[in-house]
Amino acid sequence: MNNDSSRRNFVSALRFRFLTPWYDRLVAWTVRDAAMKTSLLMHARVAPGERVLDVGCGTGTLLLQLASHVPEARLAGVDADSEMLRQAEAKAAAAGIVMDLTPAWADALPFRDGTFDLVLSSLFFHHLQPADKEQSLREIWRVLRPGGRVLIADFGRPASWLGRGSFQLIRLLDGYSNTRDHAEGRLPEFIAGAGFVDVSTLENLDVPVGRIGLYRGTRPQ
């Protein structure tokens, strides 16, 4: 599926296109990006040879980190932001890592049913409106093999008044309607609603702009 952002209300990851080159540096501090991705991959327990898809892969940081830990994994990523994918491709080439990066929307993944063993996603779902969250999770369910798993790291319900206040900065930047369910801690409900079982919150990470939850679900056998 090609990346025709003109047919949708496409918004860059940091809302303003001029901030895209600074994305990696900004998230490194605001969401403790390295610690978050390390925790996500620890819980993922990727085995050599597994087929892994990163939905909303951005600049490819998560896939590159995974490749350094499990070089035998077969990696793919999708993102609707062509500039982000260009950065990901450049980083992968510089590191000598092979991965399949495809411009695509999460609600219409260009893969056959049951293609992947694992789907990962970090800091992507809070950009989506509720109906788009639902459809994207149904697509993830479709492209996973029976018994495959999804692990998502994204904003959850802040635990303190300070966290709620700082999360308002994210909501102001990224939008209120799409982040409302995250502020209310409802992302696990969306995962379960898409047909996943054994849905659980693996970990909560307090960060300077709120709280990041790590969530897991399994496609039934």
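Residues numbered from 1 in each chain as written. Predicted model: local features only at pLDDT ≥ 70, side-chain atom pairs only at ≥ 80, totals over all residues. Heavy atoms only, no water.

K.L.:
In this structure, what is going on with the overall build of the chain? I would like to understand it.
P.N.:
For the chain, the count of helices and strands is eight helices and seven strands. By the burial criterion, 52% of the 221 residues in the chain qualify as buried. In the chain, the share of contacts with a sequence separation of at least 24, taken over all contacts with a separation of at least 6, comes to 75%. Accessible surface computed for the chain: about 10,100 Å², of which carbon and sulfur atoms make up 55%. (Helix = DSSP H or I, 4+ residues; strand = E, 2+ residues; numbered from the N terminus. Buried < 20%, exposed > 50% of the residue type's maximum accessible area, 1.4 Å probe, protein only. Contact = heavy atoms within 4.5 Å. Areas by Shrake-Rupley, 256 points an atom, 1.4 Å probe, with all protein chains shown as cover.)

K.L.:
Hey, could you run me through the nonpolar core in this one?
P.N.:
Counting 34 residues, the largest nonpolar core has Val46, Leu66, Leu75, Leu120 and Ile212 as its most contacted members. Residue assignment for this core shows that the elements contributing at least two residues are α2 (33–44), α3 (61–69), α4 (82–95), β4 (116–122), β5 (144–155), α6 (161–174), β6 (197–207) and β7 (210–218). Considering every element that reaches this core, the biggest residue donor is α3, with five residues. Leaving out residues up to four positions away in the same chain, Leu75 has contacts with Val52, Leu63, Leu66, Ala67, Met99 and Asp100. Within the second largest apolar cluster, 25 residues are counted, among which are Ala106, Phe116, Ala194 and Phe196. (Core = buried A, V, L, I, M, F, W, Y, C linked by side-chain atoms within 4.5 Å.)

K.L.:
Before we go on, may I ask you to explain the sheet that holds β5 in this structure?
P.N.:
Backbone-to-backbone hydrogen bonds join strands into a sheet, with any given pair of strands oriented parallel or antiparallel. Taken together, seven strands build an open sheet; the order of strands is β3-β2-β1-β4-β5-β7-β6 and the sheet is mixed. Whereas interior strands pair on both sides, the edge strands pair on one side only; in this sheet they are β3 (100–103) and β6. For this sheet, the mean angle separating the axes of adjacent strands, direction not counted, is 15 degrees. With respect to the sheet, helix α5 (residues 130–143) is in contact with β1 (51–55), β4 and β5, its orientation differing from that of β5 by roughly 145 degrees. (Pairing = 2+ DSSP bridges. Axes fitted to C-alpha atoms, helices over the stretch in contact; angles between N-to-C directions.)

K.L.:
Got a minute to help me understand α6 in this structure?
P.N.:
Note on helix geometry: an α-helix contains 3.6 residues per turn, so any two residues three or four positions apart are oriented the same way. Spanning 14 residues, α6 covers 20 Å between terminal C-alpha atoms, matching the ideal 20 Å at 1.5 Å per step. For α6, every residue scored as buried is listed here: Gly163, Ser166, Phe167, Ile170, Arg171 and Asp174. What you see down the axis of α6 is that its buried residues fit within an arc of 165 degrees, all on one side. Residues of α6 that are exposed and point more than 90 degrees away from the buried face comprise Trp161, Leu162, Leu169 and Leu172. Looking at the packing, one finds that the buried side of α6 touches β5, α7 (180–183) and β7. One or two positions beyond α6, positive phi appears at Gly175, with a value near 120 degrees. (Expected span 1.5 Å × (residues − 1). Arc of directions from axis to C-beta.)

K.L.:
What am I meant to see in the confidence of the model for the chain here?
P.N.:
Detailed reading of the predicted coordinates is not advisable wherever pLDDT is low. For the chain, the average pLDDT comes to 89, and 86% of its residues sit at 70 or higher. Predicted confidence is poor over residues 1–7, with pLDDT under 50, and the contacts of this stretch with residues over four places away or in other chains come to 19 contacts. (pLDDT = per-residue confidence, 0-100.)

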